[in-house]
Structure formats: C-alpha cells, structure tokens
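The chain contents come next:
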Amino acid sequence: MISERTAAPPRKKVLSPRERFVPLALSGVSVVIFFGFFGWLVTSAEAWPRIQSQFFSLEAMGAAFPKVAQGFLINMGVWAVSLVAIALWALILAVFRSLRGPWFAPLRVFTVVYIDIFRGLPALLLVLLFGFGIPALRIPGLPTTSLFWGGVAMVLSYSAYATEVYRSGMDAVHDGQWAAAKALGLNQAQTLGFAIIPQALRNVLPALLNLAVALQKDVALLSVIGVRDAVREAQIYTSRTFNYSSLVVAAFLFLIATIPMARLTDYVAKKDRERRLQRTA
Amino acid sequence: MRRFISPVLLMVFILVGFQAFAGGGQQSAPATPAAQGVENTPTDPRLFQPGKLTVATGDPVYPPWMLNDDPASGEGFENALVYALAEELGFAKADVVWVRTGFDEAITPGSKPYDFNIQQFSVTAERAQAVDFSQVYYQSDKAVIALPGSVVSDAETFAELRQARWGAAISTTDLVYLENVLGVNDVAVYDDQAGVFQAMLAGQIDATVAALPTALFVTAVQVPEARITALLPPDKDDEGHGLLFTKGNPLVPWINQGLTALANKGVTQDLVDTYLVGDMSIRTINR
C-alpha cells in the first residue's frame, strides 16, 4: 500500500564492480583488524588463562546453569506480574493527575507528591525498605514474603515513571479533542475513556516499552532481600567456588530476554513514526 | 586507490603505536630489579612490599575475630594470630601493614596489593581451584541461631530442623552447609549477616547458622533478641579457616611453615582459648 502512495525513487546509478566491492572489502578488513587486534590484546595478556578459567569456564557455566536458569524464571515471573500492575496503577495515577475541577485537587496533589517521592528514591532503597521494613512491622493479615514486598517496591517505583509517560501522552493530545468531546455531550470520565486515553496510549507505547526493558533488568534488585533470582543464584555459585562464570551465564540469559524486547520496541517505534507521517501527509 | 590506502595506513599506525604502548607497560613492571633480599626472610623480594608483611582483612571486621574493628590493636583472634605469625617469620610488630578489602576484591583473579587475606575464609576443594589457601588455622563449630519461640528451638533432629525457613549470608559457607548437611532446599540468601538478621526480625526466616564464635558475638551484642539453640556437626567438605592467597603465590610454603610452628608451640591454641571460648552448655544435634 505504501508503494502506491510514494513516487518511484530515482533510478540509481549503476556501480562498477570496483565501486561496489572495494568499500565492502575495506570495511570487512577494517572490522577484522580492529576487533582482531583487541581480541589479541586481551587474550595475549599474561593473566588471560587465569581470567578465562575464573570468568569464562564452560565447565563452570554448565554447572551453574540449571540454578541460574531457575532463578531467571523468577525474574521473568516478577517482571510479567509487575508489568501488568505498573501499567494499570500508572494509568490510574495519570488519570488522577489529569482530572480537571477543584474537587479533584486532593487526587492531583497526591499524584504529584507520589511521583516526587517514588521517582526521587533509588529503587534499591525502596526494595530494601519494603522488603525488610514492612514485614518487620508484623501487621497481621499482610503477607511477609520478601518476593511480594520487593515486587510492590518495583511496581511503586516504576509506576512513578510510567505515570509521567502517560501524562506526556495525554498532554500531547490536542486540546481541541477535549472541546470536541464536550461538544458531543461527553462528561469528564467519558472524555478520558473514549477520546483522550486511547490516543495517548498510541502516542506513548514506544516509551512504555522502553520502561519495560529497563524493568526486565531491574527486577534483579530483589536479590538483595533474599529472593533467589538469577543474579543471586549466580552469586551463590561464585561464593561457593570463587568462580565468576556463573555471572556470565546470568548476563547471557538477561540478554536473551532483553534483546528481543529492544527489537520489538524499535519495531513499534518505527510503526508509530510511519503512522504519524501518513497522518500528516 | 590512494585515498583508500591512507586510512588503512593510519589505522595500522595507531594499532602499532597502541601495541608498543601496551607492551611497554607490561614489560616495565617486572623489569624493576628487586632489592637484594633473601627468600623466606622479612626481606623476601616476593613480598608485596619487601620488609613488610602486608595483610588484608574485611571491612568492617567483627569480634571475636578482631576486636573494635581495629586490626592493628592485635586484640582479637585473627589479628593476634597474624602478629604471632609475623613474629615467627621475623617481622617486627610495626612491619605488619593492614589493608581493607571486600569479599569480591579478595577472590577475583589478578595481583593484589597485599600478601594474604584473612577474614575467616573457609577452605574447600572447589575454592582452591581459583585461589591458594594456607593450612587451616581454625575449625569452628556451626551454631543454629533463632529467635525465642522459633520452630527450631525444640528441634531434636535434622528432619525437624528442615521444617524451618532458613536464611544465610552469601560469601559464607553457611548456605552450602544448610544444603549439604541439613538438606534444606529453599534457603533465602542475603548480602550479609546483617540482612539475615533483618529478615529474621521481620519474620521472613526462622533460623540461620553461623560459626560458633560469630554466633556468640551476634547473640551477645548485635541481635540480643536471638539465641543459639543448638550446635551442629562439622561439614566434612569444609576444612576450616585458612589464609587466602592469589593463585600461585610463592609465599604459601613459607607462611605455612610459620603457621605449623605456631601450632606446634601451642600459640594458636592459646589464642583460641583466649578469644574463641565456646559455650559447653549448648546441646548438639547430630542426626
């Protein structure tokens, strides 16, 4: 469909084989020289065999893998649950913040204070405070597991960022949309639900996915409150054997998870850009 | 073609120059001629700083291993042992230099700015593949620590102990002990002992294990609410505490001679009696 809209590009000049292949060959050669040199520099270092056996030992990686992978499932579980909770809670906060009218002032103040506090505190600090602090109050009826409270801390922290992302998306919806909705007889809730939020979501989806990738790695923070996630399992292996290859295994697992997410984010951002271009065209 | 060649040449120049720079740096370090010192004496050129015994320890250090977080005072089991060892090897007290390290700094490969590290490192065969240990200077009992009224308070057998929720600090062998000797599966693992007791006070775990001297100090000073409820038999894979050296450190045999001499003279046992007195009234769970 796109090809119908856009005019045919101007015919490219036909390149001679030399013009075509010499740059290609040169870039290949320079890449090989460049990375080969650094590879050689690292592996020729006097201490390399020791580093290799303590950081990149295949045997140790194999030994550490089952436990680290098991921990990684916990990471991904926490990530998936938090992601849903953050998406909902941040949306509620963003709605609070965008409500108009004097009666809603307490909600607006609450949201502003909430964002200031939870965006201003390091996530690690929140995890420690929630994971150790709240269970120590021993309030009957509340769960005491560190996994639960660590998850709560992540949700509260990331919601502060996500709220701001949502809000920027809502602000980007033209004021005329509010006026138009009002003219149609929609009340405030209907205006938000039918006119503003659907447009805002499309605007901010790439930015939200970006947060999701960041969260995917930050769930490893829960390791400090006793949750045996991938990082903690890797550290356990390290402290038992003094071998760091387990950390490389954990790093590899995180890459497997985050790289597809990053590509998805790129893809969504590209679609979004195309959509905008078509709209203005 | 000329305009293609010049960037390539430039790159080659840069790489060659970089290599010469890096190579030069590598060569200059060992090339410094060692002062004429005699091996296995305090002037040994293989010491980090010939003439001095440079010893690393944790930051902070706890009683009874070292008192008042002050290694140089010589008060405490491990620092007193180091001073006795230094004297045995011919160093003056003033020639012992203390440096502080974290756990990870101590076990990573590479040269270290000290001769050896002492902070209750447990000697195991697995760890010995990555670092060198001296001979063992102390083997401690394991103690169960819990709050009063915990499910482990009345436990008589390992099977009953397994019912509890356990916690342990990473970088200790306590976790391995819980898994291998008691057979506990889901131990919660914290950054340090402080985290373990925080979780215990928060009701997230029921009990933990620690070396008996550490347990006595913790229950007396740090967490007075907690009690030692029982002693446990040693883990056969945990050989005891040893000094930690980087892999291949040539000083190990000489230091070991010193430790052997201290043990034969009864100095080590005297220090154990001074600083690490156990509590004979605590019951032991063996099965």
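As a reminder, the structure under discussion sits directly above these lines.
Structural notes, computed from the coordinates.

The rules behind each value
Residues numbered from 1 in each chain as written. Chains lettered and ligands numbered in written order. Predicted model: local features only at pLDDT ≥ 70, side-chain atom pairs only at ≥ 80, totals over all residues. Heavy atoms only, no water. Helix = DSSP H or I, 4+ residues; strand = E, 2+ residues; numbered from the N terminus. Rg over C-alpha atoms; globule rule 2.2 N^0.38 Å. Buried < 20%, exposed > 50% of the residue type's maximum accessible area, 1.4 Å probe, protein only. Contact = heavy atoms within 4.5 Å. Areas by Shrake-Rupley, 256 points an atom, 1.4 Å probe, with all protein chains shown as cover. Lys, Arg positive; Asp, Glu negative; His and termini not counted. Charge placed at Lys NZ, Arg CZ, Asp CG, Glu CD. 1 Å grid on protein atoms, 1.4 Å probe; cavity = no way out; pocket = protein on both sides within 12 Å on 5 of 7 lines; lining within 4 Å. Points joined across faces, edges and corners; volume = space filled by probe spheres on them. Nonpolar A, V, L, I, M, F, W, Y, C, P; charged D, E, K, R; others polar. Pairing = 2+ DSSP bridges. Axes fitted to C-alpha atoms, helices over the stretch in contact; angles between N-to-C directions. Buried area = accessible area lost by both parts, 1.4 Å probe. Salt bridge = Lys/Arg side-chain N within 4 Å of Asp/Glu carboxyl O. Polar contact = N/O pair within 3.5 Å; in protein donor to acceptor, adjacent residues only side chain to side chain.

When helices and strands are counted, chain A shows eleven helices and zero strands. The N-to-C order of helical and strand elements in chain A reads α-α-α-α-α-α-α-α-α-α-α. Relative to its length of 281 residues, chain A is extended, with a C-alpha radius of gyration of 26 Å against a globular reference of 19 Å. Seen through its C-alpha atoms, chain A measures out along the principal axes to roughly 75 × 75 × 25 Å. Burial statistics for chain A: of 281 residues in total, 38% are counted as buried. Contacts in chain A between residues at least 24 apart in sequence constitute 77% of all its contacts with a sequence separation of at least 6. In the form shown here, chain A has an accessible surface area of approximately 16200 Å², with 71% of it arising from carbon and sulfur atoms. For chain A, the distance from the average position of its 27 positive side-chain charges to the average position of its 14 negative side-chain charges is 4 Å.

What follows deals with unusual backbone geometry. All names here are of chain B. A cis geometry characterises the amide bond from Asp59 onward to Pro60, with omega recorded as 0°. Here Pro63 and Pro64 are connected by a cis peptide whose omega angle stands at -5°. Tracing the chain through its elements places Pro64 in the loop between strand E1 (53-57) and helix H2 (77-89). At Asn40, a position not held by glycine, the phi torsion is positive, near 65°. Structurally, Asn40 is set in the loop between helix H1 (2-31) and E1. The phi angle at Asp69 is positive, at roughly 50°, despite the residue not being glycine. Secondary-structure assignment places Asp69 in the loop between E1 and H2.

A word on the layout of surface pockets. By volume, the largest pocket amounts to about 1100 Å³. What lines the largest pocket is a set of 42 residues, and nearest its centre among them are Ile170(B), Ser171(B), Thr172(B), Asp192(B) and Gln193(B). At the level of secondary structure, the elements contributing two or more residues to the lining of the largest pocket comprise helix H10 (230-241) of chain A together with helix H3 (103-107), strand E3 (116-122), helix H6 (193-201), strand E8 (207-211) and helix H7 (212-222) of chain B. Within the lining of the largest pocket, the residues separate by chemical class into 18 nonpolar, 16 polar and eight charged.

All names here are of chain B. Spatially, the five strands line up as an open sheet ordered E2-E1-E3-E10-E4, and their pairing is mixed. Each end of this open sheet is capped by a strand with a single partner; those strands are strand E2 (96-100) and strand E4 (131-138). Between one strand and the next, the sheet's axes are offset by a mean angle of 35°, whatever the strand orientation. The pairing of E4 with strand E10 (residues 241-246) spans five bridges and is classified as antiparallel. Bridge pairing in E10 places Asp132 opposite Phe245.

This part is about the sheet that holds strand E9 (residues 227-232) of chain B. Residues and elements named next belong to chain B. With respect to topology, five strands assemble into an open sheet ordered E7-E6-E8-E5-E9, the strand pairing being mixed. Here the strands that pair on one side only, and so sit at the sheet edges, are strand E7 (188-190) and E9. Taking the axes of each pair of neighbouring strands and ignoring which way they run, one obtains an average angle of 30° across the sheet. When strand E5 (residues 142-146) meets E9, the two strands line up antiparallel, connected through five bridges. Its bridge partner being in E9, Val144 is matched across the sheet by Ala230. Across the sheet, H7 is in contact with E5, E8 and E9; its angle to E8 comes to roughly 120°.

Facing the 37 residues of chain A at the interface are 45 residues of chain B. When chain A packs against chain B, the two sides together hide about 3300 Å² of surface, and 65% of this comes from carbon and sulfur. Its largest share of buried area at the contact with chain B, chain A owes to Phe132(A), Arg240(A) and Phe242(A), together 20% of the area lost on that side. Counting across the chain A and chain B interface gives three salt bridges. A salt bridge links Glu126(B) to Arg240(A); its shortest N-O distance comes to 2.8 Å. Our count for the chain A to chain B interface comes out at 14 residue pairs in polar contact (both at pLDDT 80 or more). Elements with a contribution of two residues or more to the side of chain A that touches chain B: helix H2 (17-43), helix H3 (48-55), helix H6 (123-136) and H10 of chain A. A per-element tally of the side of chain A that touches chain B places H2(A) first, with ten residues. Looking at the side of chain A that touches chain B residue by residue, the class counts come to 18 nonpolar, twelve polar and seven charged.

All names here are of chain B. Across the five residues that make up E1, a large majority, five, are buried. By the alternation rule, side chains of E1 split into Leu53, Val55 and Thr57 and Thr54 and Ala56, which are all buried. By the bridge criterion, two bridges tie E1 to E3 in an arrangement that is parallel. Within E3, the position partnered with Ala56 by the bridge is Asn117.

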